[in-house]
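Listed below are the residues making up each chain.
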Amino acid sequence: QVHLVESGGGLVQAGDSLRLSCAASGRAFSGYYVGWFRQTPGEEREFVAAISWPDDSPWYGAAAKGRFTISRDNAKNTVYVQMNSLKPEDTAVYYCAAKEQTGRIDSDYTYWGQGTQVTVSS
């Protein structure tokens, strides 16, 4: 079973940057999609970014393009999302998720972390 732990959230000012980390235990990410989602109370969960482990291919949601970068560290079994030029509308709980590499990369994830809060002030 995959256990995911997110870290790196916090309170920042508009224009600042954060790097979120997603570390896995239980098994390696090999053969998985690993993604980031975010959710604000009252809003639907939004796809942010994901990476295909076997070929290191990144995918981005509309809000992330041009500002966020997803990457991985194979040795640490960890996925990162570097978030630059943060805006107040980026405020949300950010979740790491994983699933076996099949179907869509932006939906239907099986394993979820507990979330980390990102708050961007004006």
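What counts and what doesn't
- Residues numbered from 1 in each chain as written.
- Predicted model: local features only at pLDDT ≥ 70, side-chain atom pairs only at ≥ 80, totals over all residues.
- Heavy atoms only, no water.
- Helix = DSSP H or I, 4+ residues; strand = E, 2+ residues; numbered from the N terminus.
- Rg over C-alpha atoms; globule rule 2.2 N^0.38 Å.
- Buried < 20%, exposed > 50% of the residue type's maximum accessible area, 1.4 Å probe, protein only.
- Contact = heavy atoms within 4.5 Å.
- Areas by Shrake-Rupley, 256 points an atom, 1.4 Å probe, with all protein chains shown as cover.
- Lys, Arg positive; Asp, Glu negative; His and termini not counted.
- Charge placed at Lys NZ, Arg CZ, Asp CG, Glu CD.
- Disulfide = S-S within 2.5 Å.
- Pairing = 2+ DSSP bridges.
- Axes fitted to C-alpha atoms, helices over the stretch in contact; angles between N-to-C directions.
- Phe/Tyr/Trp six-rings, centres within 6.5 Å; stacked < 30°, edge-to-face > 60°.
- Lys NZ or Arg CZ within 6 Å of the ring centre and 35° of its normal.

**Section: the overall build of the protein chain**
Helix and strand counts for the protein chain come out as 0 helices and 11 strands. Going from the N terminus to the C terminus, the protein chain shows its helices and strands as β-β-β-β-β-β-β-β-β-β-β. For the protein chain, the C-alpha radius of gyration of 13 Å lies close to 14 Å, the compact-globule estimate for 122 residues. In terms of its C-alpha atoms, the protein chain occupies a principal-axis envelope of roughly 40 × 25 × 25 Å. Classification of the 122 residues of the protein chain by burial places 41% in the buried group. For the protein chain, the proportion of contacts with a sequence separation of at least 24, taken over those separated by at least 6, is 57%. Of the accessible surface of the protein chain, which amounts to about 6,200 Å², a share of 45% is contributed by carbon and sulfur atoms. In the protein chain, 11 side chains carry a positive charge and 13 a negative one; their mean positions are 3 Å apart.

**Quick look at the state of the cysteines**
Counted according to the given criterion, the structure contains 1 disulfide. Here C22 engages in a disulfide with C96; their sulfurs sit 1.9 Å apart. Taking the sign of the S-S torsion, -75° for the link of C22 and C96, the bridge is left-handed. With C22 in strand β3 (residues 18-25) and C96 in strand β9 (residues 92-100), this pair connects stretches of sequence that are 74 residues apart.

**Notes on the sheet that holds strand β8 (residues 78-83)**
Judged by pairing direction, the sheet is antiparallel, and its 4 strands sit side by side in the order β1-β3-β8-β7 without closing on themselves. Both outer strands of the open sheet, β1 (3-7) and β7 (68-73), are each paired with one neighbouring strand and no more. Mean inter-strand twist for the sheet, computed between neighbouring axes without regard to direction, equals 20°. Two elements, β7 and β8, share 6 bridges in a ladder whose sense is antiparallel. Of the residues in β8, the one forming a bridge with F68 is M83.

**Comments concerning the packing of aromatic side chains**
This structure, assessed with the given rule, holds 7 aromatic pairs. When the centroid spacing of 5.5 Å and the interplanar angle of 65° are considered together, the rings of F37 and F47 count as edge-to-face. A residue pair is termed long-range when its members are at least 10 positions apart, and F37 in strand β4 (residues 32-39) and F47 in strand β5 (residues 46-52) qualify at 10 residues. Classification of F47 as buried rests on a relative accessible area of 15%. A network of ring pairs unites the aromatic residues F37, F47, Y95, Y109 and W112 as a single cluster. The cationic tip of R45 hangs over the ring face of F37; the distance from NZ or CZ to the ring centre is 6.0 Å.

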